[in-house]
Every structure is written in structure tokens, then in C-alpha cells.
Amino acid sequence: MAWFARYATWIAACGGYLLFVGVVNSRHELITAAVLATGAAVWAWAIRQRGHRSFALSSAHATEWTKAVASLGPAIARTFPIFVAGALLGRAPARALEVSFRRGAEGGASDAARRASAVLIASLGPDNFVVRAPPGKDCVLMHAILPQNASRDPRWLNS
């Protein structure tokens, strides 16, 4: 059945490219479509080979996602004037922060899900995002726009 998924990926990538390019009467477009579809199929295969990490989401994950989505509106309102000033003046205050972060067990499904959720939640708002979460270190590098440095929960990277 894996061969079916490979062929389906290749056909979808090739057909999608030809659909968006809108030209099928050119030999060059057919060759380009075949090369890009082959690259997409190889990429999908590589992801499937390395994608056997298990994740276990809990109610704590849902709670943190809900809080993050609820705080998105106020975060946009706080940063909008800073973005306008940056667009008008050509610069905006930004800084790199090293924030403590509890990685947890590397092999644990719950800790893996928490790490992935925490990095995505911290990058959801317009005022900061995670640049790097080095493996084996209990910290992350964040890019922040707002001048105040809120205290963050070391498990979830949110304030």
C-alpha cells in the first residue's frame, strides 16, 4: 500500500503544478512538473520515514491553546501601534530573548506534544516567536517586539 501513497503523491504534485501553471502544451512544463513531483514524492517519503514520533495531547494542551487563541486579539491591539510606527519610521524595537523552558523527557509522547504545542503557542502572537529550541537545553531563543518582558511559564512559554 505504500507504493500507492507514493504514486498518489507524485500524481497530485504533478497535476497540481500543471493546474496552477495553466500550460500543458509545452515540453518544458511537463519536464518541470515531473521533476517537481519527483522532489515532492521524495520529500513526502523522507518525512514518513522519520515521522514516527508519538504525541499525546491532554486537556492541559487544550487549555493552553484556548488561552493562547483568546489572548491573540489583545496582543494584536498592543502591537499594532508598534507596527504602524515601524512602518512609518522604518524601524521597530525588537530583541532576542533567551527564555527558560522545561524540555521534559526526550522520548515521552506527552512531553513531545507539550514541547511542540509550547513552541507553536509562543509563536502564535504577533509580538514574539520562537527562533530556536536547541535540543538538550532547557531554554529557547525568542524574538520579541514588545519592550516589556513578561514572566513566562517555563512549561508553556506563555505569560
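Our structure is the block above this text.
Residues numbered from 1 in each chain as written. Predicted model: local features only at pLDDT ≥ 70, side-chain atom pairs only at ≥ 80, totals over all residues. Heavy atoms only, no water.

Enquirer: What am I meant to see in the pattern of salt bridges here?
Expert: Where charged atoms from two side chains of opposite charge approach closely, those side chains can pair. Taken as a whole and judged by the stated rule, the model has five salt bridges. Arginine 78 is paired through a salt bridge with aspartate 127; the nearest N and O atoms lie 4.0 Å apart. Here aspartate 127 lies in the loop between helix H5 (109-122) and strand E2 (128-132) and arginine 78 lies in helix H4 (residues 72-89), a separation of 49 residues in the sequence. With its nearest N and O atoms 3.8 Å apart, the salt bridge here joins aspartate 111 to arginine 114. Of this pair, aspartate 111 and arginine 114 are both found in helix H5, three residues apart, which corresponds to roughly one turn of the helix. We classify arginine 114 as buried; its relative accessible area is 2%. (Salt bridge = Lys/Arg side-chain N within 4 Å of Asp/Glu carboxyl O. Helix = DSSP H or I, 4+ residues; strand = E, 2+ residues; numbered from the N terminus. Buried < 20%, exposed > 50% of the residue type's maximum accessible area, 1.4 Å probe, protein only.)

Enquirer: Looking at this model, I keep getting lost on the nonpolar core. Mind explaining?
Expert: Within soluble globular proteins, side chains that are nonpolar tend to cluster in buried spots. One finds Val99, Val130, Val140, Met142 and Leu157 to be the most contacted residues of the largest nonpolar core, which totals 13 residues. Broken down by secondary-structure element, the contributors of at least two residues to this core are strand E1 (95-100), H5 and strand E3 (139-144). With near-sequence residues (within four places) excluded, methionine 142 lies in contact with Arg95, Ala96, Leu97, Val99, Ala122, Asn128, Phe129, Val130, Val131 and Arg152. (Core = buried A, V, L, I, M, F, W, Y, C linked by side-chain atoms within 4.5 Å. Contact = heavy atoms within 4.5 Å.)

Enquirer: Looking at this structure, I do not really get the pairing of E3. What am I missing?
Expert: A regular strand carries its side chains on alternate faces of the sheet. The pairing of E1 with E3 spans six bridges and is antiparallel. The residue bridging leucine 97 from the neighbouring strand is methionine 142, located in E3. Note that E2 and E3 share four bridges and pair antiparallel. Paired with valine 130 across the strands is methionine 142, a residue of E3. (Pairing = 2+ DSSP bridges.)

Enquirer: Any chance you could explain a nonpolar patch on the surface here in plain terms?
Expert: On the surface, a cluster of nonpolar side chains totalling about 600 Å² of accessible area is made up of Trp3, Phe4, Tyr7, Trp10 and Ile11. Tryptophan 3 gets classed as exposed once you look at its relative accessible area, which sits at 52%. (Patch = residues over 30% accessible without salt bridge, like charges linked within 9 Å, V, L, I, M, F, W, Y side chains within 5 Å. Areas by Shrake-Rupley, 256 points an atom, 1.4 Å probe, with all protein chains shown as cover.)

Enquirer: Can you walk me through helix H3 (residues 59-70) in this structure?
Expert: Since the α-helix turns once every 3.6 residues, residues separated by three or four places project in the same direction. Taking 1.5 Å as the rise per residue, H3 with twelve residues should run 16 Å; its terminal C-alpha atoms sit 16 Å apart, in good agreement. Within the span of H3, buried status applies to His61, Glu64 and Ala68. The buried residues of H3 all sit within an arc of 70° when viewed along its axis, so they share a single face. For H3, the exposed residues set more than 90 degrees away from the buried face come down to Ser59, Thr66 and Ala70. (Expected span 1.5 Å × (residues − 1). Arc of directions from axis to C-beta.)

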